[in-house]
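Coordinate inspection notes
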Amino acid sequence: MATRIEAAICRAVEIPAAILVAAEVMVLFAGIVARYVLHKPLVWSDELASILFLWLAMLGAVVAFGRGEHMRMTALVGKVGPRARAFLDAVALAAALAFLLLIVYPAYDYAYEETYITTPALEIQNAWRAAALCVGVVLMIALALLRLARVADLATTVGALGGVLAISVAIWLLGPALKPLGNVNLLIFFVGIVAATVLSGVPIAFAFGLASFGYLATTTSVPMLVVIGRMDEGMSHLILLSVPLFVFLGLLIEMTGMARAMVQFLASLLGHVRGGLSYVLVGAMYLVSGISGAKAADMAAVAPVLFPEMKARGAKPGDLVALLSATGAQTETIPPSLVLITIGSVTGVSIAALFTGGLLPGVVLAITLCLVVRHRYRNEDLSHVRRATGAEIARTFAIALPALALPFIIRAAVVEGVATATEVSTIGIVYSVAAGLLIYRQFNWRRVVPMLVETAALSGAILFIIGAATAMAWALTQSGFSRDLAAIMAKLPGGGGSFLAVSIVAFIILGSVLEGIPAIVLFGPLLFPIARQLGVHEVHYAMVVILSMGIGLFAPPFGVGYYAACAIGRVSPDEGMRPIWGYLLALVVGLIVVAAVPWISIGFL
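So, a few notes on the structure that sits alongside this text. (Residues numbered from 1 in each chain as written. Predicted model: local features only at pLDDT ≥ 70, side-chain atom pairs only at ≥ 80, totals over all residues. Heavy atoms only, no water.)

Attention now moves to the overall build of the chain. Scanning the chain from terminus to terminus reveals 27 helices and zero strands. Relative to the globule expectation of 25 Å for 605 residues, the C-alpha radius of gyration of the chain, 24 Å, shows essentially globular dimensions. Along the three orthogonal principal directions, the C-alpha set of the chain runs to about 75 × 55 × 55 Å. Expressed as a percentage of the 605 residues in the chain, the buried residues total 58%. Sequence-distant contacts, at least 24 apart, represent 81% of the contacts inside the chain between residues at least 6 apart. About 24000 Å² of surface is accessible on the chain, with carbon and sulfur atoms providing 68% of the total. Looking at charge distribution, the chain has the averaged site of its 35 positive side-chain charges lying 9 Å from that of its 30 negative ones. (Helix = DSSP H or I, 4+ residues; strand = E, 2+ residues; numbered from the N terminus. Rg over C-alpha atoms; globule rule 2.2 N^0.38 Å. Buried < 20%, exposed > 50% of the residue type's maximum accessible area, 1.4 Å probe, protein only. Contact = heavy atoms within 4.5 Å. Areas by Shrake-Rupley, 256 points an atom, 1.4 Å probe, with all protein chains shown as cover. Lys, Arg positive; Asp, Glu negative; His and termini not counted. Charge placed at Lys NZ, Arg CZ, Asp CG, Glu CD.)

Now the structure itself:
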């Protein structure tokens, strides 16, 4: 019974979530056409997009919750026995349920308060937008209860719920004793509680939310309405609207055959040299990352095309997935990277400058990876490989040209002012649909709705983390932590150089434990002002931070990006553990070069 009800709720949410993704594309593209072609701007387009966006974020978060796709760290959970794992999974659900129950009334209260605000263009109550938070929370509460009833036996469920309730009550009762401790509470809540919940498998967004709510409720007199307000603020940056749109674009280029065309062209150029297809993998990830921005989509577009031929040439599956994972880290700065967009939204750094500055650092790390490839494949047997003729290369180039043009179209549209960084993704989507229908004649209409739902789920998971991390960052800022951190970092011996070195180590660790986007939202607003104070250019610092987080994200045993690469390549994680360390060392060397030579990041600004 619980399974059927849960499935019915998920289906009921998936359709409107898919419609919202499609609606956002149409609204933003209509805004571009009206402004740039007809010279009659639609004054209401951004406002409508903002309203729809919050609904998309929350319904997407519900879909992700129903599918179990909210980002969580399972490295330790996966190592315990079946009974302990079942209990920890129940605890993760109970902890998520606890956070949702704590914020459901503040979310309702927040929506009610927004009834007094009227939007300027559409002239409707802002509660129509704010209600998305309350509706999303209620739906996730329903799914959490149904999931608990379905996945665990009664004793496990009662034990998990009782344990979470006991800890929550204990923290509440300790409130009067915690208040006099001052900033020691930061360690208790934002280190102790966050670490305990994340390591026990609680989804990262809910771990952040519990720590923030607990800290503010027990040690301050701040109304809990503020938590919802900060979550809304974090999820409602219009620049973040490009997140779902670029995710959808990544799925489109794979479905329409554009990614395959690019890979086949590169293979015709380099397939006959030792390690040639590995060079193609590095280059293809660079090109595809210039279209999508979502690493999972990039890897899913490239790996199925290259891996079968690479295995036929004798490459070991472990080495393939290790290189795929390393290229995921290498291409984190390639525009339109979602991390670049997030960094711009939370720190105020120019998105156009980040898009320009991100290209060359990716090339530097690609060179260091290729040096490792050259060493590893120096004795590869190519006696059975035929070199492509000039005519074959020209033919594959002609086929790939429409796909190869897309990254340049996206970049030119932003730089020339045709579209904002938010809107440019819609140009890429319309271009890809046209190319798939008219040029490549490969467009599976049956896949469109599942792709829209997948886009909503991934985007909802990302945006919910950003919302929770924004509330956590606000709580840290209000405590005075940012001032203390700035003072400590400013006093480091060696000035900017020491600051960069400490940042590299810190963000490799944070990227491994928290993933890139939560770490950026949490620490970006704190550290970027310090970088400016120490004379480190903000774009240069952004590149160093992003690449450091990328290395952590794709480094085993904790980096979830590594396990995503293994899943996409259908290779056991154990097989890639040894070969990946050589590639990670190459990435660290390239990162040090990028950090030591600011021109690589800012030379073309």
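Further notes follow.
Compared with an ideal rise of 1.5 Å per residue, which puts 16 residues at 22 Å, helix α24 (residues 538–553) spans 22 Å between its outermost C-alpha atoms and is within 8% of the ideal. Of all the 16 residues making up α24, 15 are buried; the element is thus mostly covered by neighbouring parts of the structure. (Expected span 1.5 Å × (residues − 1).)

Attention now moves to the packing of aromatic side chains. This model, assessed by the stated rule, comprises 12 aromatic pairs. Considering the side-chain rings of Phe265 and Phe397, the 5.2 Å spacing of their centres and the 55 degrees angle between planes classify their relative orientation as tilted. One end of the pair, Phe265, is in helix α11 (residues 258–270); the other, Phe397, is in helix α18 (residues 390–415), and 132 residues separate them in sequence. Every member of this aromatic cluster is reached through a ring pair, and the members are Phe65, Phe99, Phe206 and Phe464. Taking the ring centre of Tyr583 as reference, the NZ or CZ of Arg376 above it sits at 4.4 Å. (Phe/Tyr/Trp six-rings, centres within 6.5 Å; stacked < 30°, edge-to-face > 60°. Lys NZ or Arg CZ within 6 Å of the ring centre and 35° of its normal.)

As a further point, take unusual backbone geometry. Residues other than glycine seldom take positive phi values, yet His39 does so here, at roughly 60 degrees. Secondary-structure assignment places His39 in the loop between α1 (2–37) and α2 (45–67). On the basis of relative accessible area, His39 is assigned to the exposed category, the value being 62%. Phi is positive for Glu123, which is not a glycine, with a value near 55 degrees.

Our next topic: the side chain of Thr426. Assignment of secondary structure puts Thr426 in helix α19 (residues 424–439). Given the relative accessible area of 0%, Thr426 is considered buried. Once you skip the residues sitting within four places of it in the chain, Thr426 turns out to touch Val25, Leu28, Phe29, Ile32 and Leu245.

This model, assessed by the stated rule, comprises nine salt bridges. With a shortest N-O distance of 3.7 Å, Arg67 and Glu14 are connected by a salt bridge. One end of the pair, Arg67, is in helix α2; the other, Glu14, is in helix α1, and 53 residues separate them in sequence. Assessed through its relative accessible area of 37%, Arg67 is described here as partly exposed. Connected via shared salt-bridge partners are Glu6, Arg147 and Arg150. (Salt bridge = Lys/Arg side-chain N within 4 Å of Asp/Glu carboxyl O.)

Our next topic: the nonpolar core. In this structure, Met140, Phe206, Phe464, Tyr541 and Tyr583 are the most contacted members of the largest nonpolar core, which totals 219 residues. No other element matches the 19 residues that helix α20 (residues 448–478) contributes to this core. Residues within four places of Phe464 in sequence aside, it is in contact with Met58, Ala61, His70, Phe99, Met140, Ala205, Phe206, Met231 and Met235. (Core = buried A, V, L, I, M, F, W, Y, C linked by side-chain atoms within 4.5 Å.)

Turning our attention to the packing of helix α14 (residues 317–330) against helix α26 (residues 573–596). For any two helices packed against each other, one specifies the crossing angle of their axes together with the interaxial distance. In the contact formed by α14 and α26, the axes pass within 8 Å of each other and the chain directions differ by 35 degrees. Classified by chirality, the crossing of α26 by α14 is right-handed. Here α14 contributes Pro317, Gly318, Asp319, Val321, Ala322, Leu323, Ser325, Ala326, Ala329 and Gln330 to the contact with α26, which in turn contributes Glu575, Gly576, Pro579, Ile580, Tyr583 and Leu587. (Axes fitted to C-alpha atoms, helices over the stretch in contact; angles between N-to-C directions. Left-handed = near helix turned anticlockwise from the far one by under 90°.)

Within this model, the second largest pocket holds a volume of roughly 750 Å³. Forming the walls of the second largest pocket are 31 residues, and the residues nearest its centre are Ala98, Val164, Ile167, Ser168 and Leu210. Taken together, the elements giving at least two residues each to the lining of the second largest pocket come down to α3 (82–113), α5 (154–173), α7 (184–199) and α8 (204–219). If you tally residues by element for the lining of the second largest pocket, the top one is α5, at 11 residues. Among the residues forming the lining of the second largest pocket, the class breakdown is 24 nonpolar, seven polar and no charged. (1 Å grid on protein atoms, 1.4 Å probe; cavity = no way out; pocket = protein on both sides within 12 Å on 5 of 7 lines; lining within 4 Å. Points joined across faces, edges and corners; volume = space filled by probe spheres on them. Nonpolar A, V, L, I, M, F, W, Y, C, P; charged D, E, K, R; others polar.)

Okay, the packing of helix α17 (residues 359–376) against α26 next. Orientation of α17 relative to α26, taken along the N-to-C sense of each, is 145 degrees, at an axis distance of 8 Å. For the pair α17 and α26, the crossing hand works out as right-handed. Facing Pro361, Val364, Leu365, Thr368, Leu369, Val372, Val373 and Arg376 of α17, the residues of α26 in contact are Pro579, Gly582, Tyr583, Ala586, Leu587, Gly590, Leu591, Val593 and Val594. When grouped by side-chain class, the residues that make up the contact of α17 with α26 number 13 nonpolar, three polar and one charged.

In this section: empty space enclosed by the protein. Over the atoms, a rolled probe matching the size of one water molecule traces out where space is still vacant. Overall, the coordinates contain one cavity of 30 Å³ or more when judged by the stated rule. Lining the largest cavity, in full, are Thr356, Gly357, Leu360, Trp599, Ile600, Ser601, Ile602, Gly603, Phe604 and Leu605. Those elements that provide at least two residues to the lining of the largest cavity are α16 (351–357) and α27 (599–602). Broken down by element, the residue count for the lining of the largest cavity peaks at four residues, all from α27. For the lining of the largest cavity, a count of residues per class yields six nonpolar, four polar and no charged.

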